[in-house]
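Inside the fold
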Amino acid sequence: MQPPQNRPRHSIAVIGGGPAGLMAADVLASAGFSVDVFDAMPSVGRKFLLAGKGGLNLTHAEAFDPFVQRYAGRRAAVQPLLESFGAEAARAWALDLGIETFVGTSGRVFPKDLKAAPLLRGWLHRLRGQGVQFHMRHRWLGWAAEAGAEANGLPSALRFDTPNGEQRFEARAVVLALGGGSWSRLGSDGAWVPWLRERGVDVAPLLPSNCGFDVGWSEYFRARFAGAPLKSVAIDWTGTDGSPVRQSGEFVVTEGGVEGSLVYTASAALRDRIDADGSATFQLDLLPARDAEWVAREVAHPRGPRSLSTHLKTRLNLSGVKAGLLWELCPKDVQADPARLAAAIKALPITVTSARPIDEAISSAGGVRFEALDDGLMLRALPGVFCAGEMLDWEAPTGGYLLTACLASGHAAGRGVQRWLGG
Ligand SMILES: Cc1cc2nc3c(=O)[nH]c(=O)nc-3n(C[C@H](O)[C@H](O)[C@H](O)COP(=O)(O)OP(=O)(O)OC[C@H]3O[C@@H](n4cnc5c(N)ncnc54)[C@H](O)[C@@H]3O)c2cc1C
């Protein structure tokens, strides 16, 4: 491999080898450009590989309209990216790499073997075949202070911390695809935020998204139920736009609170509510398949000498963590009143007081604001520098929406570079 400082200046630097950066490199290399990919880690795609551990949810098969709604407040900015490269394009891209996909029962789309590794392997093989050069253990440190290439409309040399000391690299154009701020041990640590701000780029603070929350359980409840899954439940909450939202699914009781797919769905609204009010409350329906009348009738049914626990278990099939939550969260007077207890079974208020730290979150919100970018995802403040992936200011629930938007924005940034260079 040619050392980067000796490579001609006509190369394009892609910094960050996650799905967004690799897609930008793919678009540019396919168009015949010379591309150098830099990554701080010893290998690329570490978060992508981790995503494959639980079954790589590549995208979602729902219609375009509901799909773009998932990006909520950033829908208008994300929609054009998905119009050029959406769910179908993501599936076609995987197929082109020899990986067939299937639609699961929930509409989520997965590779047939559920894994990320074969997809990444095939992708890297193709990129290397196209001449893309990979520079691992190259941590980008920002730009050299001197004006350097700025005379040509480009920012000055890129600085990298490498095993051989600091090295510089001058590029015709740069794609930053540095990821968000979660799971920093996989490479995306958000260190880039101040470097872009110093250069006049508007960056929204990185916040946890698709994250767990703290509740503060009693020692008794924590000792018995930490780690217990709540299956076949539903939750009601107020969405970020103020409208009521209801969703069924499952989540898990943790040492200090709640996490899991159903909680992640509500996480943006809960996080913002905590930010505004100091806490947020959602309602848990422990028996979504039963209507309120049925529940009220069964709770009120005479129980004779049986304990309330036995009564709930035999007549309503409520036991384990579901019953435990009722005893944990309902005051004694509610437990003693069949009508109020029945109401709690259908809408048990759970108050969360803080989001778990960003490093534990599946993804992050915040990042480079779309107003700081042009249509080709080039930074208005830094001509020749493009941004893609989770480092942009959008968020979405799990379900394949994260990877799709990363791939779509990587694709758009690649096209943006191409247009900017007149290709
Ligand atoms: C446990 C888990 C499961 C997930 N499952 C799914 C799923 O099934 N479906 C889905 O859609 N999404 C999933 N996601 C989210 C998805 O993986 C991310 O949204 C996606 O990887 C972000 O892509 P990216 O290219 O923007 O950034 P990343 O994948 O984070 O890549 C950024 C790259 O930039 C490099 N980098 C950062 N800073 C520097 C620097 N200064 N210098 C050089 N290199 C740097 C990093 O090393 C990294 O390789 C999951 C996430 C997690 C944590």
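All of these numbers come straight from a predicted model, not from anything done at the bench.

Let's talk about the packing of aromatic side chains
Taken as a whole and judged by the stated rule, the model has 14 aromatic pairs. Measuring from centroid to centroid gives 6.2 Å for Phe251 and Phe282, while their planes differ by 85 degrees, and the two rings are edge-to-face. Of this pair, Phe251 sits in strand S14 (residues 244-253) while Phe282 is found in strand S16 (residues 280-285), placing the two residues 31 residues apart along the sequence. By the burial criterion, Phe251 is buried, and Phe282 matches it. Taken together, the ring pairs in this structure connect Phe67, Tyr71, Trp394 and Tyr401 into an aromatic cluster. Seen from the ring of Tyr220, Arg224 lies directly overhead, with NZ or CZ sitting 3.6 Å from the centre.

Describing the packing of helix H1 (residues 19-30) against helix H6 (residues 117-129)
Relative to each other, H1 and H6 sit at 35 degrees, their axes nearing to 10 Å. Of the two possible hands of crossing, H1 and H6 adopt the one that is left-handed. Here H1 contributes Pro19, Leu22, Met23, Ala25 and Asp26 to the contact with H6, which in turn contributes Leu120, Trp123, Leu124, Arg126 and Leu127. Its residues assigned to classes, the contact of H1 with H6 comprises eight nonpolar, no polar and two charged.

Remarks on the layout of surface pockets
Roughly 760 Å³ of volume is contained in the second largest pocket. Lining the second largest pocket we find 35 residues, and of these Arg70, Ala72, Gly73, Thr240 and Ala268 sit closest to its centre. Elements represented by at least two residues in the lining of the second largest pocket include exactly helix H3 (64-69), strand S11 (203-209), S14, helix H9 (261-265), helix H10 (267-277) and strand S19 (363-368). Counting residues per element, the lining of the second largest pocket draws most heavily on H10, at five residues. A per-class count over the lining of the second largest pocket returns 16 nonpolar, eleven polar and eight charged.

Comments concerning the site of the ligand
Around the ligand sit 31 residues, and of these Asp39, Asn57, Trp140, Glu390 and Leu403 come closest. Note that a nitrogen atom of the ligand is positioned 2.8 Å from one of the backbone N or O atoms of Trp140. At the level of secondary structure, the elements contributing two or more residues to the shell around the ligand comprise H1, helix H2 (46-51), strand S7 (139-143) and helix H16 (401-420). A class-by-class count of the residues in the shell around the ligand yields 16 nonpolar, eleven polar and four charged.

So, how was this worked out
Residues numbered from 1 in each chain as written. Predicted model: local features only at pLDDT ≥ 70, side-chain atom pairs only at ≥ 80, totals over all residues. Heavy atoms only, no water. Phe/Tyr/Trp six-rings, centres within 6.5 Å; stacked < 30°, edge-to-face > 60°. Helix = DSSP H or I, 4+ residues; strand = E, 2+ residues; numbered from the N terminus. Buried < 20%, exposed > 50% of the residue type's maximum accessible area, 1.4 Å probe, protein only. Lys NZ or Arg CZ within 6 Å of the ring centre and 35° of its normal. Axes fitted to C-alpha atoms, helices over the stretch in contact; angles between N-to-C directions. Left-handed = near helix turned anticlockwise from the far one by under 90°. Contact = heavy atoms within 4.5 Å. Nonpolar A, V, L, I, M, F, W, Y, C, P; charged D, E, K, R; others polar. 1 Å grid on protein atoms, 1.4 Å probe; cavity = no way out; pocket = protein on both sides within 12 Å on 5 of 7 lines; lining within 4 Å. Points joined across faces, edges and corners; volume = space filled by probe spheres on them. Near = heavy atom within 4 Å. Polar contact = N/O pair within 3.5 Å; in protein donor to acceptor, adjacent residues only side chain to side chain.

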